[in-house]
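# Fold and contact review
Below, each chain spelled out in residue letters.
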Amino acid sequence: MAEPQKRPEWHEYFLDIAKAVGRRSTCLRRRYGAIIVKDKIIISTGYNGAPRGEANCIDTGMCERERLHVPKGQNYELCVAVHAEQNAIINADPDKMQGATAYIVGYNADGTLASGKPCLLCRRMLRNAMLAKVIYLETDGSIVETTPEEIR
């Protein structure tokens, strides 16, 4: 008799979908995907990239922060991209976001995991969107479950 099929747990399932969304990223440094889920239904997705109508880094072949050797987490104002979480919030119905969960996954250009922990501005936006939880992958592959208020 064949082994029963193992279904992924909900967090794993939604993190896998966030990873797939991140494949649309237009950033040369890191590819992030985010989804917002409520009652096990995806209500929005987002990936990091230039604002609509502007040139993407993958199209121009240049990342200003990379050119200047800016470390991760610094000088975001030099980046043309909108973060994955921000795009997911922008694309969502505000009423549906209240009490929802954001799932975030990131990968470096070399394919290694990047921390999905939201930056300070994204944490503020997640709180303002009234999301209840944030679940992301850390660089070691561990799943972190928290609230927007608890992220430090």
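Note that the structure is predicted; figures quoted are calculated from it, not measured. Sequence order sets the numbering: in each chain, residues are counted from 1 along the sequence as written. Only residues with pLDDT of 70 or above have their local features reported here, since the model is predicted, and side-chain atom pairs are shown and tallied only from 80 upward, although totals for entire chains, interfaces and linings are computed over all residues. Values reported for side chains reflect all heavy atoms of the structure, with hydrogen atoms and water molecules removed beforehand.

### Re the packing of aromatic side chains
Only Phe, Tyr and Trp rings are paired, with Trp represented by its six-membered ring, and only when their centres lie within 6.5 Å; those with planes under 30 degrees apart are stacked, over 60 edge-to-face, the remainder tilted. For the structure shown, the criterion picks out four aromatic pairs. Considering the side-chain rings of Trp10 and Tyr13, the 5.7 Å spacing of their centres and the 85° angle between planes classify their relative orientation as edge-to-face. Of the two residues, Trp10 and Tyr13 both sit in helix 1 (residues 10-22), three residues apart, roughly one turn of that helix. Residue Tyr13 is classed as partly exposed on the basis of its relative accessible area of 36%. A ring pair is formed by Trp10 and Phe14, whose centres lie 5.6 Å apart and whose planes are at 25°; its orientation type is stacked. Of the two residues, Trp10 and Phe14 both sit in helix 1, four residues apart, roughly one turn of that helix. Under the relative-accessibility criterion, Phe14 is labelled buried at 2%. In textbook terms, an aromatic cluster arises when at least three aromatic residues are bridged by ring pairs, as seen for Trp10, Tyr13, Phe14 and Tyr103. Only DSSP runs of H or I with at least four residues qualify as helices, and only runs of E with at least two residues qualify as strands; both kinds are numbered from the N terminus onward. A simple rule labels every residue: compare its accessible area, found with a 1.4 Å probe on the protein chains alone, to the largest value its type can have, and call it buried under 20%, exposed over 50%, or partly exposed in between.

### A short note on the nonpolar core
The term nonpolar core refers to a set of buried residues drawn from Ala, Val, Leu, Ile, Met, Phe, Trp, Tyr and Cys, joined through side-chain atoms within 4.5 Å. The biggest cluster of nonpolar side chains holds 18 residues, and the ones touching the most others in it are Ile36, Ile89, Met97, Ile104, Leu126, Leu131 and Val134. Where this core is concerned, the elements lending two or more residues are strand 1 (30-38), helix 4 (84-90), strand 3 (101-108) and strand 5 (133-137). Ignoring any residue separated from it by four or fewer positions in sequence, one finds Leu126 in contact with Glu85, Ile89, Ala102, Pro118, Leu131, Val134 and Pro148. With eleven residues, the next largest nonpolar core counts Ala18, Val37, Val105 and Leu137 among its residues. Any two residues whose heavy atoms approach within 4.5 Å are treated as being in contact.

### Quick word on the UniProt feature "active site" (unreviewed entry) in the protein chain
UniProt positions are given in the numbering used here, feature names are shortened, and annotations may be inferred rather than shown by experiment. According to UniProt, the positions carrying the feature "active site" (unreviewed entry) are Glu85. For Glu85, the position within the fold is in helix 4. You can call Glu85 buried: its relative accessible area is 7%. If we ignore the near neighbours within four places in the chain, the residues touching Glu85 are Ala34, Ile104, Pro118, Cys119, Cys122 and Leu126.

### Let's talk about the pattern of salt bridges
Salt bridges are defined by distance alone: a side-chain nitrogen of Lys or Arg within 4 Å of a carboxyl oxygen of Asp or Glu. Applying the stated criterion to the full structure yields three salt bridges. Residues Glu64 and Arg67 are paired through a salt bridge, measuring 2.6 Å at the closest nitrogen-oxygen approach. In this pair, Glu64 and Arg67 both sit in helix 3 (residues 64-67), three residues apart, roughly one turn of the helix. With its nearest N and O atoms 3.2 Å apart, the salt bridge here joins Lys133 to Glu145. In this pair, Lys133 is assigned in strand 5 and Glu145 in strand 6 (residues 143-146), connecting sequence segments twelve residues apart. In this structure Lys133 comes out as partly exposed when scored by relative accessible area, which is 33%.

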